[in-house]
Amino acid sequence: DFEIIKIIRDDAQISLLDIAEKVKLSPDAVGYRMKKMEEGIIIAFTPVINYHALGYNIHVLMLNLSGLDKQKEKNLNDFMKTNPNILWAVKTAGRYNVLAYVCTEKETELQETINELRNTFPEQISHYETILAVEEYKYTYAPDCLFS
């Protein structure tokens, strides 16, 4: 199963026949194993998009928030999920406790997103920084450490 995952993480369009050749199983056995993995191990097949090739910029928005009660935390979660410019967001530990990837076509869209956040959470945002991602060197949901 791990060998199959390693193969499809690097080439999601590879045929069952080609996978079967590489792992020394029949295509039916590979198909069966993949179907079983989709029931508990593989939770999604996610495309990795080169936003720069499409004319978009990716910004990392690092926020320091405090004083979030349950309702405000729910509002923040809803904001991150519904804002069209935010690809994903995560709670973190350290100086910045929320990190969000913001995808924009125009620089004004980044500022609009930040302004909307600041207006929605005026007392909770104590500090924020943005970083423009110029190039992504490696991106994987199945890193090599899973297979050692």
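In this text the structure is predicted, and so the values were computed from the model without any measurement.

So, how was this worked out
What you see as residue numbers is a count from 1 along each chain, following the sequence as written. In keeping with the model being predicted, local features are shown solely for residues with a pLDDT of at least 70 and side-chain atom pairs are shown and tallied solely at 80 or more, while totals for entire chains, interfaces and linings include all residues. By convention in this description, side-chain values take in all heavy atoms of the structure and omit both hydrogens and water. Note on terminology: a nonpolar core comprises buried Ala, Val, Leu, Ile, Met, Phe, Trp, Tyr and Cys residues joined through side-chain atoms within 4.5 Å. Per-residue accessibility, obtained with a 1.4 Å probe over protein chains only, is compared with the maximum for each type, and a residue is labelled buried under 20%, exposed over 50%, and partly exposed between these values. Put simply, DSSP marks the helices as runs of H or I at least four residues long and the strands as runs of E at least two long, and each gets a number from the N terminus on. We call two residues contacting when some pair of their heavy atoms lies within 4.5 Å. Note on definitions: the grid is 1 Å and covers protein atoms alone; a cavity is a set of points where a 1.4 Å probe fits but cannot get out; a pocket is an open set with protein on both sides within 12 Å along at least five of seven lines; lining residues have an atom within 4 Å of a point. Grid points are joined across faces, edges and corners, and a volume is the space filled by probe spheres set on the points. Only Asp, Glu, Lys and Arg are considered charged, only Ala, Val, Leu, Ile, Met, Phe, Trp, Tyr, Cys and Pro nonpolar, and every remaining residue, Gly among them, polar. Think of a salt bridge as a Lys or Arg side-chain nitrogen and an Asp or Glu carboxyl oxygen that are within 4 Å of each other. To count toward a patch, a residue needs a relative accessible area over 30% and no salt bridge; like charges are then connected within 9 Å, while nonpolar side chains (Val, Leu, Ile, Met, Phe, Trp, Tyr) are connected within 5 Å. Using a 1.4 Å probe, the Shrake-Rupley method yields the accessible areas, and only the shown protein chains count as cover for residues. Fitted lines through C-alpha atoms give the axes, limited to the stretch in contact for helices. The angle between two N-to-C directions lies from 0 to 180 degrees. Every angle not falling under 35 degrees, over 145, or within 65 to 115 is termed oblique; those three ranges are roughly parallel, roughly antiparallel and roughly perpendicular. Helix crossings get a hand from a simple test, with the near helix turned counterclockwise from the far one by less than a right angle marking a left-handed crossing and a clockwise turn marking a right-handed one.

> Would you take a moment to explain the nonpolar core for this structure?
Soluble, globular proteins show a tendency: their nonpolar side chains are buried together. In terms of nonpolar packing, the biggest core is built from 15 residues, with Leu61, Leu63, Leu76, Met80 and Leu117 touching the most fellow members. Secondary-structure elements contributing two or more residues to this core are strand 1 (57–65), helix 4 (70–82), strand 3 (98–104) and helix 5 (107–120). If sequence neighbours within four positions are ignored, Leu63 has contacts with Met80, Tyr96, Asn97, Val98, Leu117, Ile125, His127 and Tyr128. Formed by 14 residues, the second largest nonpolar core is a distinct cluster that contains Val30, Met34, Met37 and Phe147.

> For this particular structure, what's the right way to read the layout of surface pockets?
Taking a probe equal in size to a water molecule and rolling it over the atoms shows the remaining empty space. Looking at the largest pocket, its volume works out to about 680 Å³. Around the largest pocket, the lining is made up of 25 residues, and of these Arg9, Ile42, Ala44, Tyr141 and Ala142 lie nearest the centre. Elements represented by at least two residues in the lining of the largest pocket include exactly helix 1 (2–10) and helix 2 (16–23). Broken down by element, the lining of the largest pocket gets its largest block of residues, four residues, from helix 1. In terms of residue class, the lining of the largest pocket is made up of 20 nonpolar, three polar and two charged. Counted as a void, the second largest pocket has a volume near 430 Å³.

> Explain the pattern of salt bridges here, please?
Two side chains with opposite charge may pair up if their charged atoms get near one another. Tallied over the full model, the rule gives seven salt bridges. Its salt-bridge partner being Arg9, residue Asp10 comes within 3.1 Å of it at the nearest N-O pair. The exposed category is assigned to Asp10, whose relative accessible area is 59%. Of the charged contacts, one joins Lys74 and Asp78 as a salt bridge, the two residues approaching to 2.8 Å between their closest N and O atoms. With Lys74 and Asp78 both in helix 4 and four residues apart, the pair spans about one turn of that helix. For Asp78, a relative accessible area of 31% corresponds to the partly exposed category. Here the salt bridges share partners, and the residues they tie into one network are Arg9, Asp10 and Asp144.

> Looking at this structure, I do not really get a nonpolar patch on the surface. What am I missing?
Taken together, Val48, Leu87, Trp88, Val90, Tyr139 and Tyr141 make up a surface patch of nonpolar side chains, about 560 Å² in accessible area. The topology assignment puts Val90 in strand 2 (residues 86–91). Overall, the relative accessible area of 34% leaves Val90 in the partly exposed class.

> Explain the environment of Phe2 here, please?
You can see Phe2 is positioned in helix 1. Along the primary structure Phe2 and Ser15 are separated by 13 residues, whereas in three dimensions their C-alpha atoms are 17 Å apart. Apart from the residues lying within four places of it in its own chain, the contact partners of Phe2 are Leu146 and Phe147.

> Just checking my understanding: could you explain the packing of helix 1 against helix 2 for this structure?
Describing two packed helices takes the angle between their axes plus the distance from one axis to the other. Between helix 1 and helix 2, the shortest axis-to-axis distance is 10 Å and the interhelical angle comes to 130°. As far as their axial angle goes, helix 2 and helix 1 are oblique. Note on packing geometry: the crossing formed by helix 1 with helix 2 is right-handed. Across the interface between the two elements, Glu3, Ile4, Ile7 and Ile8 of helix 1 pack against Ile19, Lys22 and Val23 of helix 2. Looking at side-chain class alone, the contact of helix 1 with helix 2 contains five nonpolar, no polar and two charged residues.

All quantities given are derived from atomic positions and should not be read as evidence of function.
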